[in-house]
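Read off the chains here:
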Amino acid sequence: MVSPKIPELVSSIEDEQLRRLLDSISDYAIFMLTPEGRVASWNAGAFEITGYRSTEIMGQSFARFFRAEDLRNGLPDQILSNALKTGRSEREGWQIRKDGTRFWAITIVRPAHNSTGELIGFAQITRDITERRAAQKALLDSEHRFRLLVEGVTDYAIYMLDPSGIVTNWNSGAERLKGYTADEIVGQHFSRFYPKEERAAGMPARVLETAAREGRYEAEGWRIRKDGSRFWASVVIDAIHSSSGELLGFGKVTRDISERRTAQQALRESERQFRLLVEGVRDYAIYMLDPNGIVASWNSGAERIKGYQANEIIGHHFSRFYVESDRAAGMPTRALATAEQEGRFESEGWRVRKDGSTFWASEVIDRIRDEKGNILGFAKITRDATERREAQLALQSAQAERHQAQKMEALGHLTGGVAHDFNNLLMIISGQNHTLKRLAADNPRGVRAVEGIETAIARGASLTRQLLSFSRRQALDPRAIEVGPRLESFKSMLLGTMGGLTVLTSVPPGTWPITVDPNELELALLNLVINARDAMPSGGTIAISAENATLAPKDTPAGIEGEFVAVTVSDTGTGIAPDVLPKIFDPFFTTKQVNKGSGLGLSQVHGFTHQSGGTVTIDSELGKGTSITLFLPRSITTPAQLDVETHDAPAEDGAILLVEDNPEVAEATQNMLQELGYTVETVKDSQAALHALSLRLPRLVLTDIIMPGEMDGVALARKIREQYRDLSIVLLTGYSRSNSAELGFPLLRKPFNLAELGRTIRATLAAKGSQPDNLVRLIPPHMKR
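Residues numbered from 1 in each chain as written. Predicted model: local features only at pLDDT ≥ 70, side-chain atom pairs only at ≥ 80, totals over all residues. Heavy atoms only, no water.

## Some words on the overall build of the chain
Reasoning step 1: Assigned secondary structure in the chain consists of 26 helices and 24 strands.
Reasoning step 2: Considering the chain as a whole, with its 785 residues, one finds that 43% of them fall into the buried category.
Reasoning step 3: Residue pairs in contact within the chain that sit at least 24 positions apart in sequence constitute 57% of those at least 6 positions apart.
Reasoning step 4: Roughly 40,600 Å² of accessible area belongs to the chain as shown, and the carbon and sulfur atoms make up 52% of that amount. (Helix = DSSP H or I, 4+ residues; strand = E, 2+ residues; numbered from the N terminus. Buried < 20%, exposed > 50% of the residue type's maximum accessible area, 1.4 Å probe, protein only. Contact = heavy atoms within 4.5 Å. Areas by Shrake-Rupley, 256 points an atom, 1.4 Å probe, with all protein chains shown as cover.)

Shown next, in the form of structure tokens:
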């Protein structure tokens, strides 16, 4: 039944402008109640908030907005009674909508009187503040979790100082570390933690001045516990400012690193990853996980290191920071399980930022319990240790490169010193073997003996050449060549020698030319093919291919870059064990049986490619075969036609001056020259050679490079060229790091055979231009006897 005072109440709000104003307010429910608490007016905001239309609620008691428990406690009557008594009733609490859902409301109720002072009802204003209440609760929960985080970390002393250095709070880690309870230390100056001599020197004051001026202070030093004992501490002090920039105080983080300093003092910086930083410390990501690994809090250091803002990551599982392989292996789960069981988990590894980039992280996970021992979650501390790891890797790489350089230098000195004498010995054997060959022409056993000696000479020369190639002391004669024709020619040479094996070549059109020594390239390919053949005793396929390759420093271990041609030799053989792969290019290392290999084949390949300005890589798997790739530099010049091997032409008559200090080598070389039909005059040093030339000019001078006296062979050749410009000169050497182009003269390497000697002499004479046989060589008067 409607109260008889309702018409009077309604008439008091009939003003049309007032009604429109009230209806335009949608964020507030504004309505009138009768003195008995029944709804007498209803605005649009009341409908928006409660869901009741005016036709549904007019005349109804406002008690229907309250919960059952509030009704049992008589809350609606109390509200009206308090409003009459004090003139205003204000409260926050749950209210009920038409659909039965709850919302947190702030309600103000005031009594309304007419002009005579008679109570005509109550004015009520209600606002839905559910979202604001939820935000406030979340903030309180976050602060609570942050306090638990700080209190749960017992390895660090974390506390606040006011601007003058007075301790204002104290965590459990500080109590454990320094021995003071909060009651004993809060309100005291932090300088009592410093040794007496540092207090006398004003260190505490300078520390705060530095932190205030620069925003941060970080150091290590001795600190004093309550019992007077000392410990070596790692200390970080961060200045804390208000939003207006006012200095509020300092956040101080201290850790006892005495054991680390004693045992690992050299690694002090790397071990600082275990320091816990509070919100103002940006070098560490400090955040809390719930027992399931869900991120529950997030500090500014975590945002800087990992890229996520708090609202982007809170509520997500921390496993998203791990790389895919670690997630697949269950690493996040094992980390939490270890921390739960042992109280702590510590590791390093690759982690992922928001943008997908990776960094090398050092992380610590501490278990957090409440006062009853229940696990509340985990405190996680992460630090970016990428630079430290890169420095360590760089140091390891530099040490490995230094070791390799020292090994190469030692081997180079060894091979260089031995090569000359060894090749001279082979030269003597080779020269005398030619004599034996003529003497044993009619004796089958003698012929076989001569052939065996020739084979041994060739093998000895090859071993020296391969060793020099590995140590990069072999003189190369690089020139531009086309890869395709060379590989086809090489394949033709192999036909008939690879019984039971298939040899395939593949060089696509447009493959760049390369700049290498063709002979050394052929020797390298031969060494690779022989190894491939030996790896396939039951037959198989050898594939030789080439393709263009543009390399960046990261593409190969050698770190080379530029345009190269990748020449690959692959087989379908037994493959190479992983533990053997790092050793295969070492000289004399071999997995073959005794007398089945010298261990220098792959050493030659390695030395040749690097001396040519390239590199070599290997890919092998047991049971699936091996692929070795030579990256050889692209040529910028036009390749010449392939050299065509010509048959030996008949020897020409002529005089040759031989300059050789070794009598046995001189005798062997003289016999070869005489067999070729030349007249030979032999001298043992440069002075004797110049004297002989002053008496008569030969057609050609053949001189060894290494000789005793004031001039070696190269200096002699240059002297001769100055005085006798048209005289042909050939240099002989058992070892030289220079090639013909560098020396400026034709170069014949020992040991050489008769055919090589004849071809070199004819080519040198042809380059100078042959003179007609009927011309008489005139000698200037000053050169006659």
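Don't stop here, the text continues.
## A few points about the environment of Gly559
Reasoning step 1: Inspection of the secondary structure assignment puts Gly559 in the loop between β16 (540-551) and β17 (562-571).
Reasoning step 2: Assessed through its relative accessible area of 32%, Gly559 is described here as partly exposed.
Reasoning step 3: It is 9.1 Å that separates the C-alpha atoms of Gly559 and Thr615, two residues lying 56 residues apart in sequence.

## Quick notes on the packing of helix α19 (residues 483-494) against helix α20 (residues 518-534)
Reasoning step 1: Packing of α19 against α20 brings their axes to within 11 Å, and their N-to-C directions diverge by 50°. In terms of their interaxial angle, α19 and α20 are classed as oblique. The way α19 lies across α20 gives a crossing that is right-handed. Where α19 approaches α20, its residues Arg486, Leu487, Phe490, Met493 and Leu494 are matched on the opposing element by Pro518, Glu522, Leu525, Leu526 and Val529.
Reasoning step 2: Residue composition of the contact of α19 with α20, grouped by class: 8 nonpolar, no polar and 2 charged. (Axes fitted to C-alpha atoms, helices over the stretch in contact; angles between N-to-C directions. Parallel < 35°, antiparallel > 145°, perpendicular 65-115°, else oblique. Left-handed = near helix turned anticlockwise from the far one by under 90°. Nonpolar A, V, L, I, M, F, W, Y, C, P; charged D, E, K, R; others polar.)

## Here we look at the sheet that holds strand β20 (residues 655-659)
Reasoning step 1: What the 5 strands build is an open sheet, ordered β21-β20-β22-β23-β24; its pairing is parallel. A strand with exactly one partner marks an edge of an open sheet, and here the two such strands are β21 (679-683) and β24 (747-749). On average, each strand axis in the sheet is tilted by 20° relative to the strand beside it, whichever way the strands run.
Reasoning step 2: In terms of strand pairing, β20 meets β21 through 5 bridges, oriented parallel. By the bridge assignment for β21, Leu657 is matched with Glu681.
Reasoning step 3: Contacting β20, β22 (700-704) and β23 (728-733), helix α24 (residues 713-723) crosses the sheet at an angle of about 180° to β23. (Pairing = 2+ DSSP bridges.)

## Notes on the packing of aromatic side chains
Reasoning step 1: Taken as a whole, this structure holds 18 aromatic pairs when the rule is applied.
Reasoning step 2: With a centroid separation of 5.5 Å and 85° between ring planes, the pair formed by Phe62 and Phe66 is classed as edge-to-face.
Reasoning step 3: The exposure class of Phe62 is buried, given its relative accessible area of 2%.
Reasoning step 4: Here the aromatic rings of Tyr159 and Trp170 are separated by 4.7 Å at their centres, their planes lie at 45°, and the arrangement is tilted. Separated by 11 residues along the polypeptide, Tyr159 in strand β5 (residues 156-161) and Trp170 in the loop between β5 and α8 (172-178) bring together distant segments of the chain. Each member of the pair, Tyr159 together with Trp170, is buried.
Reasoning step 5: Among the aromatic residues, those joined into a cluster by ring pairs are Phe31, Trp42, Tyr52 and Phe65.
Reasoning step 6: We note Arg223 situated over the ring of Tyr194; from NZ or CZ to the ring centre the distance is 4.0 Å.
Reasoning step 7: The residue whose ring lies beneath Arg389 is Trp360, and the NZ or CZ to ring-centre distance is 4.2 Å. (Phe/Tyr/Trp six-rings, centres within 6.5 Å; stacked < 30°, edge-to-face > 60°. Lys NZ or Arg CZ within 6 Å of the ring centre and 35° of its normal.)

## Let's talk about the environment of Gly187
Reasoning step 1: Counting through the fold element by element, Gly187 comes out in the loop between α9 (182-185) and α10 (196-200).
Reasoning step 2: Linking Gly187 and Thr168, residues 19 residues apart in sequence, is a C-alpha distance of 6.1 Å.
Reasoning step 3: Among residues more than four places away in sequence, those in contact with Gly187 are Ile166 and Val167.

## Quick notes on the pattern of salt bridges
Reasoning step 1: Enumeration according to the criterion identifies 27 salt bridges in this entry.
Reasoning step 2: Asp70 serves as the salt-bridge partner of Arg67, at 3.4 Å between the closest nitrogen and oxygen.
Reasoning step 3: Among the residues examined, Asp70 registers a relative accessible area of 8% and is labelled buried.
Reasoning step 4: Beyond isolated ion pairs, a larger network of salt bridges with shared partners links Asp326, Arg351, Glu363 and Lys380. (Salt bridge = Lys/Arg side-chain N within 4 Å of Asp/Glu carboxyl O.)

## Comments concerning empty space enclosed by the protein
To locate leftover empty space, one rolls a probe as large as a water molecule over the atoms.
Reasoning step 1: Overall, the coordinates contain 1 cavity of 30 Å³ or more when judged by the stated rule.
Reasoning step 2: By volume, the largest cavity amounts to about 40 Å³.
Reasoning step 3: For the largest cavity, the full set of lining residues is Ala29, Phe31, Thr50, Phe65, Gln95, Phe103, Gln124 and Thr126.
Reasoning step 4: Breaking the lining of the largest cavity down by element, the ones donating at least two residues are β1 (28-33) and β4 (119-128). (1 Å grid on protein atoms, 1.4 Å probe; cavity = no way out; pocket = protein on both sides within 12 Å on 5 of 7 lines; lining within 4 Å. Points joined across faces, edges and corners; volume = space filled by probe spheres on them.)

## Quick notes on the nonpolar core
Reasoning step 1: In terms of nonpolar packing, the biggest core is built from 34 residues, with Ile514, Leu521, Ile542, Ile544, Leu630 and Leu632 touching the most fellow members.
Reasoning step 2: It is α20 that contributes the most residues to this core, 6 residues altogether.
Reasoning step 3: Each residue touching Leu521, except ones within four places of it in the same chain, is listed here: Ile481, Ile514, Val516, Phe608 and Leu632.
Reasoning step 4: The next biggest cluster of nonpolar side chains, apart from the first, holds 23 residues, and it includes Ala174, Ala233, Val235 and Ala239. (Core = buried A, V, L, I, M, F, W, Y, C linked by side-chain atoms within 4.5 Å.)

## Section: the side chain of Ser686
Reasoning step 1: Examined against the element boundaries, Ser686 turns out to sit in helix α23 (residues 686-695).
Reasoning step 2: Apart from residues no more than four positions distant in its own chain, Ser686 is found in contact with Val659, Met707, Met711 and Leu716.

## Looking at the sheet that holds strand β14 (residues 501-506)
Reasoning step 1: Strands sit in the order β14-β16-β17-β19-β18 across an open sheet of 5 strands; the sheet is mixed. Sheet topology places β14 and β18 (615-621) at the edges, where each strand pairs with a single neighbour. The sheet shows a mean angle of 20° between the axes of neighbouring strands, direction not considered.
Reasoning step 2: Note that β18 and strand β19 (residues 625-633) share 7 bridges and pair antiparallel. Bridging across to β19, Glu621 finds its partner in Gly625.
Reasoning step 3: Against the sheet, α19 touches β14, β16 and β17, its axis set at about 170° to β14.

## A short note on α24
Reasoning step 1: Within α24, burial applies to Gly713, Val714, Leu716, Ala717 and Ile720. When α24 is viewed along its axis, its buried side chains cluster within an angular range of 160° and face the same direction. (Arc of directions from axis to C-beta.)

## Let's talk about the pairing of β1
Reasoning step 1: The element β1 is largely enclosed, with a buried count of 5 among its 6 residues.
Reasoning step 2: One ladder, built from 6 bridges, connects β1 with β4; its direction is antiparallel. Residue pairing in the sheet places Ile30 in a bridge with Ile125 of β4.

## A word on the confidence of the model for the chain
Reasoning step 1: Residues at a pLDDT of 70 or more form 78% of the chain, whose mean pLDDT is 80.
Reasoning step 2: At the low end of the mean pLDDT range in the chain sits helix α1 (residues 6-11), at 49; at the high end sits helix α11 (residues 203-214), at 93.
Reasoning step 3: Below a pLDDT of 50 lies the segment residues 1-7, which in the model reaches 4 contacts outside its immediate sequence neighbourhood of four places, other chains included.
Reasoning step 4: The low-confidence segment residues 770-785, where pLDDT is below 50, has 15 contacts with residues more than four positions distant or belonging to other chains. (pLDDT = per-residue confidence, 0-100.)

## Considering the pairing of strand β8 (residues 247-256)
Reasoning step 1: Where burial is concerned, most of β8 is hidden: 7 out of the 10 residues are buried.
Reasoning step 2: Looking at chain direction, β5 and β8 are connected through 6 bridges and run antiparallel. Bridge assignment links Tyr156 to a residue of β8, and that residue is Arg255.
Reasoning step 3: Of the pairings in the sheet, the one linking strand β7 (residues 230-241) to β8 comprises 9 bridges and is antiparallel in character. The residue of β8 that forms the bridge with Asp238 is Gly251.
Reasoning step 4: Hairpin connection, β7 to β8: the antiparallel pair is bridged by 5 residues, and Gly245 has positive phi, about 95°.

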